[in-house]
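# Examination of the molecular architecture
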Amino acid sequence: MTARVGVIMGSKSDWSTLSHTVEMLDKLGIPNEVQVVSAHRTPDLLFQYAEQAEGRGIEVIIAGAGGAAHLPGMCAAKTHLPVLGVPVQSSILSGVDSLLSIVQMPAGVPVATLAIGKAGAINAALLAASILGNKYPEYHAALKDFRDNQTQTVLDNPDPRDA
Ligand SMILES: Nc1c(C(=O)O)ncn1[C@@H]1O[C@H](COP(=O)(O)O)[C@@H](O)[C@H]1O
């Protein structure tokens, strides 16, 4: 099945964060592909990936990186696909460096920036589902189911002392 979401990350060390993205995409039934691509370490590969993604059927790119996280912004500079940036929680500055590197794009080249770490990784997948849901009713329905279940789970467990 053609991947609709491309998940890229600056290093293998980001996988513990971006695996949450892929887990959620899989749960929603959205075909995806995963690859390590770095603006810093493999700039030519990044340009090639960003330039060719749309032609291969990718409709949303999720890019996670930590520290001097230029990957999402440089990716957005080379494609017109929506790019969702996930700031990976870095060890030294706790991901604030990643967040600020990703969020402060100059006007004209947007990156939709998520929260630092696991929450951002999960939400990137949900946001991708929202975007794709405008075109694919099955992803819209899967997202609605997920949200409805989430709401019901909270309503069914109102006592915070219960496990
Ligand atoms: N921020 C970037 C980019 C990039 O933006 O192109 N490439 C790698 N990195 C980040 O460097 C951190 C440390 O990487 P290593 O663990 O490989 O040393 C990772 O969080 C990665 O996303």
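Keep in mind that what you see is a predicted model, and the values were worked out from it rather than measured.

### Regarding the overall build of the protein
- Each helix and strand counted, the protein has six helices and five strands in total.
- The order of helices and strands in the protein, counted from the N terminus, is β-α-β-α-β-α-β-α-β-α-α.
- Here the C-alpha atoms of the protein give a radius of gyration of 16 Å, agreeing with the 15 Å that 2.2 N^0.38 yields for 163 residues.
- With respect to the principal axes defined by its C-alpha atoms, the protein has extents near 50 × 40 × 30 Å.

### Examining the site of the ligand
- Surrounding the ligand, one finds 17 residues, the nearest of these being Gly10, Ser11, Ser13, Ala39 and Gly66.
- Among the residues making up the shell around the ligand, the classes are represented as seven nonpolar, eight polar and two charged.

### What about the nonpolar core?
- Counting 44 residues, the largest nonpolar core has Ile61, Ile62, Cys75 and Ala128 as the members making the most contacts within it.
- Tallying contributions element by element places helix α5 (residues 118-133) first for this core, with seven residues.
- When near neighbours in sequence (up to four residues on either side) are disregarded, isoleucine 62 contacts Val5, Val7, Thr21, Leu84, Val86, Ala124 and Ala128.

### Section: the UniProt feature "binding site: substrate" (unreviewed entry) in the protein
- In the numbering adopted here, UniProt assigns the feature "binding site: substrate" (unreviewed entry) to Ser11, Asp14 and Arg41. On the basis of their most widely separated C-alpha atoms, the annotated residues across 31 residues gather in one place, lying no more than 14.4 Å apart.
- Within the secondary structure, aspartate 14 is located in the loop between β1 (5-9) and α1 (15-28).
- Of the residues examined, aspartate 14 has 24 C-beta atoms within 10 Å and is grouped as buried.
- Sequence-distant contacts of aspartate 14, defined by excluding residues within four places in its chain, comprise Met9, Gly64, Ala65, Gly66 and Val88.
- Among the secondary structure elements, arginine 41 is positioned in the loop between β2 (32-36) and α2 (43-53).

### Remarks on the sheet that holds β1
- The sheet built from five strands is open, its strands ordered β2-β1-β3-β4-β5 with parallel pairing. Strands with a single pairing partner mark the edges of an open sheet, and in this sheet they are β2 and β5 (112-113).
- Taken together, the six bridges between strand β3 (residues 60-66) and strand β4 (residues 83-88) define a ladder with parallel strand orientation. Note that in β4 the partner of glycine 66 across the bridge is valine 88.
- Packed onto the sheet, α5 meets β1, β3, β4 and β5 and runs at close to 170° relative to β4.

### As for the UniProt feature "domain: PurE" (unreviewed entry) in the protein
- Using the residue numbers shown here, the UniProt feature "domain: PurE" (unreviewed entry) corresponds to residues 3-154.
- With 49% helix and 16% strand, the stretch residues 3-154 has end C-alpha atoms that lie 33 Å from each other.

### Looking at unusual backbone geometry
- At serine 94, a position not held by glycine, the phi torsion is positive, near 60°.
- In this structure, serine 94 sits in the loop between β4 and α4 (96-103).
- Overall, the presence of 12 C-beta atoms within 10 Å leaves serine 94 in the exposed class.

### Describing α4
- Of the positions making up α4, those classed as buried are Ser98, Leu99, Ser101 and Ile102. Here the buried residues of α4 occupy an arc of 165° about the axis, which is enough to place them on one side.
- Those residues of α4 that are buried lie in contact with β3, α3 (71-77), β4 and β5.

What counts as what
Residues numbered from 1 in each chain as written. Predicted model: local features only at pLDDT ≥ 70, side-chain atom pairs only at ≥ 80, totals over all residues. Helix = DSSP H or I, 4+ residues; strand = E, 2+ residues; numbered from the N terminus. Rg over C-alpha atoms; globule rule 2.2 N^0.38 Å. Near = placed C-beta within 6 Å. Nonpolar A, V, L, I, M, F, W, Y, C, P; charged D, E, K, R; others polar. Core = buried A, V, L, I, M, F, W, Y, C linked by C-beta atoms within 7 Å. Buried ≥ 20, exposed ≤ 12 C-beta atoms within 10 Å, placed from the backbone. Contact = placed C-beta atoms within 7 Å. UniProt positions renumbered as here; feature names shortened; annotations may be inferred. Pairing = 2+ DSSP bridges. Axes fitted to C-alpha atoms, helices over the stretch in contact; angles between N-to-C directions. Arc of directions from axis to C-beta.

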